[in-house]
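Coordinate analysis (summary)
If you want the building blocks of each chain, they are given just below.
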Amino acid sequence: MHILSVDQFEKKWLEQLFKQADKFRQMDHDPKSRQDLAQLHMGKQLCSLFYEPSTRTRLSFETAAVKLGMGVVSTENAREFSSAAKGETIEDTVKVLNEYHYDAIVLRHHETGAAVRAATVSGTPVINAGDGKGEHPTQALLDMYTIYRKFGRLDNLTVIMGGDLANGRTVRSLAKLLSRGSGNSLMFVSIPELQIGADIKEVLRANNTQFREEANLEDVAGLADVVYWTRLQKERLDPGVKITHNFVIDEATLKLFKQDMIIMHPLPRVDEITTQVDDDPRAQYFEQAGNGLYVRMALIDALVTT
Ligand code: NCD
């Protein structure tokens, strides 16, 4: 089984995954159970193949595998240091990796659709760790897990998503996954050039999920259970395009939010959330990143258990 898009996740499966993530978290915090964890998948191997920069996704996947007792083989700059630089296709690279008999391949790639192309020629499970402006399904898993831990549900939530919604893949995956819940309401806050894609709006309509597009966070801030903020994806803009944005969350914005809400961000944060916000208990982005470790442990466990 490959992990390519949030489209393949059932709600029941999510809840099982989150339960397993909770269990792994608990075990990881107990020195004795840590040793049991490290026996779980001994003798299995994960390959991580990254063509784009990454901190959290790569390190949390690799750490997850190591904590489960697996070996990890990794290339962190495949665009420059793999045979891709000589013109090799992703298909050929993945065919070769299949000959090495890994238990899973984690792939991040700059081209939308690259994970699907890789999976097409791979008998080894491929996990999409972000493909261009496409999807980032495992980020959506950890985002949903973070929401679930806070609210105990994945339904009847008002979620504001803001920033670069046109080029950021995390919001695309999360919006689709939230539309599986019942009664969720989404608000997309951005400038017109960076608004959410028509394909995502199509999915939301098909799932009867309420959504609207807004220009100013201030106008809707008080309604949110979750504010999911993102950076401008500078590396994905056409050369020469200059965009100035006004989407900044600072101490003044904090006053507009409800007390019982959370502020999320997939990270990296650049200048769209000021560091003063970090001390507010509603700021959950670092915990959110930490949740990624346990969700990815649960995901790897599900994939490599036969
Ligand atoms: C995101 C990504 O790579 O899409 N990072 C991540 O995995 N947490 C978000 C981003 O780069 O802006």
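A brief look at the structure comes next. Numbering of residues starts from 1 in every chain and runs along the sequence as written. Only residues with pLDDT of 70 or above have their local features reported here, since the model is predicted, and side-chain atom pairs are shown and tallied only from 80 upward, although totals for entire chains, interfaces and linings are computed over all residues. Side-chain metrics rest on all non-hydrogen atoms present in the structure, leaving aside hydrogens and water.

1. Here we look at the sheet that holds strand β3 (residues 104-109)
Across a sheet, paired strands are connected by hydrogen bonds in the backbone, their directions being either parallel or antiparallel. Spatial strand order, β2-β1-β3-β4: four strands in an open sheet with parallel pairing. Here the strands that pair on one side only, and so sit at the sheet edges, are β2 (71-75) and β4 (126-131). Each strand of the sheet is rotated relative to its neighbour by a mean of 15°, with strand direction disregarded. In this scheme, strands are said to pair when DSSP sees at least two bridges between them. For the purposes of this entry, the term helix denotes a DSSP run of H or I that reaches at least four residues, the term strand denotes a run of E that reaches at least two, and both are numbered from the N terminus. As judged from the five bridges shared by strand β1 (residues 45-50) and β2, these two strands associate in the parallel manner. When the sheet's bridge partners are listed, Leu49 is paired in β2 with Thr75. To obtain an axis, a line is fitted to C-alpha atoms, over the contacting stretch when the element is a helix, and the angle between two such axes runs from 0 to 180 degrees between their N-to-C directions.

2. Quick word on empty space enclosed by the protein
Note on definitions: the grid is 1 Å and covers protein atoms alone; a cavity is a set of points where a 1.4 Å probe fits but cannot get out; a pocket is an open set with protein on both sides within 12 Å along at least five of seven lines; lining residues have an atom within 4 Å of a point. Grid points are joined across faces, edges and corners, and a volume is the space filled by probe spheres set on the points. Considering all chains together, one arrives at two cavities of 30 Å³ or more under this definition. Counted as a void, the largest cavity has a volume near 50 Å³. Lining the largest cavity we find Arg56, Ser60, Gln139, Leu142, His265, Pro266, Gln288, Ala289, Gly292 and Arg296. Broken down by secondary-structure element, the contributors of at least two residues to the lining of the largest cavity are α3 (56-67), α7 (137-151) and α12 (285-304). Looking at which element gives the most residues to the lining of the largest cavity, the answer is α12, with four residues. Partitioning the lining of the largest cavity into residue classes produces three nonpolar, five polar and two charged. The volume enclosed by the second largest cavity comes to roughly 30 Å³. For the lining of the second largest cavity, the class distribution of residues is four nonpolar, one polar and two charged. Each residue receives one of three labels: charged for Asp, Glu, Lys and Arg, nonpolar for Ala, Val, Leu, Ile, Met, Phe, Trp, Tyr, Cys and Pro, and polar for the others, Gly being one of them.

Purely geometric stuff here, so don't read any function into it on its own.
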